[in-house]
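# Reading the structure
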Amino acid sequence: MKKIKYLSRFFLIYFAYILKKQKVNYSPVKLWIETSARCNLQCRLCVNKDMPVNMKGDMDFNLYKKIIDEVKDYVFEINLFHRGEPLLHPQIIEMIEYAGKNNIKTSLHTNGVLLNHELSGRLIASGLNMISFSFDGYTKATYEKNRVGAVYENTLKNIIDFLKIKKELNSVKPFTSLQVMEFDEEISTKQFLIQKREFTKNFINLPLNKFIIRTPHNWGGLLDIASAAKAEKNKIKLMNCTFPWYALTIFYDGKVYPCPQDFYGELQVGDVNKDCIKLIFNNEKIQDIRKSFANKKTDNLSPCCNCDRCRRDTFLGVPKEYLGIFLRDSLRKD
């Protein structure tokens, strides 16, 4: 999809969102496709560790191809991850390649634990557009406290090796970022600053495109994040959640939801095994959700009523972080 086409769709979305339209005259521009709901870690800031086994699985490759075939003319980008670790899917490379053949950008968000030399090379050669590594801690103590089940030295080596292979191959893709949540009750802001300075030395002269410091969020109220940042967010008035106006989330079994924050799937709006995605995006269920936000009546809308993502700083009605992502990432040269 040409960038001019994406820009025109962006403005359609923006005005529909600002005007709080319940029925829109466009299709979703982005999808979260859950390739796997399984995970190899037990991270304390993630709800996956609390999910029952019967809610975890991998997406069937034929179902995935059905989704791509249906949306290839109007979806600009897909995130091939959601509640689990995408590298656990045995056909993740084929999934990336199939989307690429259909001119859809692909993104992965991974903990990096399962990387090895062969898999790193295949990911880089697959045409993957973006990859983001979650590495929540600058030191072994903090990292292993947050990323339960991972070994600091091993994962850091995996990521560094990935970047070295990318450099050796002289590959621009994938755009590579490292995300860190500075979350440790025993570490002060000043200590984090010192630790960060030392930690980032690991990536000197390596093709790491972006370093991101993230703020923990509460996964629709499923996690109790006690912090000053949370207290500040609660002072911000409820905003229209952006997700129902531009994207859809598809679980590994094909069930569809309007938002990736709906971890347990409380607000199902469709099923790609039975329904057309274009129709799901404008059906009565999702229109009712848009109406609830437009009228600021979300008290009975779970998990939205407890979600801290619905209380963020905005500019011209849009969360500032999304404007930044759009301007910096979505329009960059690939």
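Shown above is the structure to which this text applies.
Residues numbered from 1 in each chain as written. Predicted model: local features only at pLDDT ≥ 70, side-chain atom pairs only at ≥ 80, totals over all residues. Heavy atoms only, no water.

With that out of the way, let us pick up the overall build of the chain. Broken down by element type, the chain carries twelve helices and eleven strands. The buried share of the chain, taken over its 334 residues, is 54%. In the chain, once contacts between residues fewer than 6 apart in sequence are set aside, the share between residues at least 24 apart is 72%. With an accessible surface of roughly 15700 Å², the chain has 53% of that area assigned to carbon and sulfur atoms. (Helix = DSSP H or I, 4+ residues; strand = E, 2+ residues; numbered from the N terminus. Buried < 20%, exposed > 50% of the residue type's maximum accessible area, 1.4 Å probe, protein only. Contact = heavy atoms within 4.5 Å. Areas by Shrake-Rupley, 256 points an atom, 1.4 Å probe, with all protein chains shown as cover.)

This part is about the pattern of salt bridges. Summed over the entire model, instances satisfying the criterion amount to twelve salt bridges. Aspartate 50 serves as the salt-bridge partner of lysine 49, at 3.9 Å between the closest nitrogen and oxygen. By relative accessible area, which is 47% here, aspartate 50 ends up partly exposed. One network of salt bridges, in which partners are shared, links Lys140, Glu144 and Glu153. (Salt bridge = Lys/Arg side-chain N within 4 Å of Asp/Glu carboxyl O.)

To continue, consider the sheet that holds strand β1 (residues 30–33). Strand order in this open sheet of nine strands is β6-β5-β4-β3-β2-β1-β7-β8-β9, and the pairing throughout is mixed. Either end of the sheet is taken by a strand with one partner, and the two such strands are β6 (210–214) and β9 (270–271). Where strand β3 (residues 105–110) lies against strand β4 (residues 130–134), four bridges are found, and the strand directions are parallel. Looking at β4, one finds that threonine 110 is bridged to phenylalanine 133. (Pairing = 2+ DSSP bridges.)

Take asparagine 282: it is sitting in the loop between α10 (277–280) and α11 (284–294). Setting aside its immediate chain neighbours within four residues, asparagine 282 contacts Gln22, Lys23, Val24, Tyr26, Gln287 and Arg290.

The next subject is the packing of helix α4 (residues 117–125) against helix α6 (residues 152–168). Contact pair α4 / α6: the axes reach a minimum separation of 9 Å and the direction vectors enclose 50 degrees. The angle between α4 and α6 places the two elements in the oblique class. As for how α4 packs across α6, the hand of that crossing is right-handed. Where α4 approaches α6, its residues His117, Ser120, Gly121, Leu123 and Ile124 are matched on the opposing element by Phe162, Ile165 and Lys166. Of the residues in the contact of α4 with α6, the class split is four nonpolar, three polar and one charged. (Axes fitted to C-alpha atoms, helices over the stretch in contact; angles between N-to-C directions. Parallel < 35°, antiparallel > 145°, perpendicular 65-115°, else oblique. Left-handed = near helix turned anticlockwise from the far one by under 90°. Nonpolar A, V, L, I, M, F, W, Y, C, P; charged D, E, K, R; others polar.)

All right, on to the nonpolar core then. Formed by 81 residues in total, the largest nonpolar core has its most connected members in Tyr64, Ile78 and Leu123. Top element by residues in this core is α6. It accounts for seven residues. (Core = buried A, V, L, I, M, F, W, Y, C linked by side-chain atoms within 4.5 Å.)

What follows deals with a nonpolar patch on the surface. A cluster of nonpolar residues, Phe11, Phe15, Ile18 and Leu19, forms a patch on the protein surface that exposes about 400 Å² of accessible area. Relative to the elements of secondary structure, phenylalanine 11 occurs in helix α1 (residues 3–18). (Patch = residues over 30% accessible without salt bridge, like charges linked within 9 Å, V, L, I, M, F, W, Y side chains within 5 Å.)

Here we take up the environment of phenylalanine 175. One can find phenylalanine 175 in strand β5 (residues 175–181). Residue classification places phenylalanine 175 among the buried residues on the basis of a relative accessible area of 19%. Sequence-wise, phenylalanine 175 and asparagine 129 are 46 residues apart; in three dimensions their C-alpha atoms are separated by 6.1 Å.

In this section: the pairing of β3. Taken across its six residues, β3 has six buried, putting it largely inside the fold. Neither face of β3 is left uncovered, since the one carrying Lys105, Ser107 and His109 and the one carrying Thr106, Leu108 and Thr110 both have all their residues buried. Sheet analysis places strand β2 (residues 77–79) next to β3, joined by three bridges and oriented parallel. Looking across to β3, one finds that asparagine 79 is bridged to serine 107. Taken together, β2, helix α3 (residues 92–101) and β3 constitute a β-α-β crossover, and its handedness is right-handed. For the segment spanning β3, α4 and β4, crossover handedness is right-handed. (Right-handed = clockwise from strand over helix to strand, strands pointing away.)

The next subject is helix α2 (residues 61–71). All of the buried residues along α2 are Phe61, Leu63, Tyr64, Ile67, Ile68 and Val71. Looking down the long axis of α2, one finds its buried residues gathered within 160 degrees of arc, a one-sided arrangement. Residues of α2 that are buried make contact with β1, β2, α3, β7 (247–250) and α10. With a side-chain oxygen positioned 3.0 Å from the backbone nitrogen of asparagine 62, the residue opening α2 is aspartate 60. (Arc of directions from axis to C-beta. Polar contact = N/O pair within 3.5 Å; in protein donor to acceptor, adjacent residues only side chain to side chain.)

Attention shifts here to unusual backbone geometry. With an omega of -10 degrees, the peptide bond between lysine 173 and proline 174 qualifies as cis. By the element assignment, proline 174 lies in the loop between α6 and β5. The amide bond that connects serine 302 to the next residue, proline 303, takes the cis arrangement and shows omega of 15 degrees. For proline 303, the location among the structural elements is in the loop between α11 and β10 (314–315).

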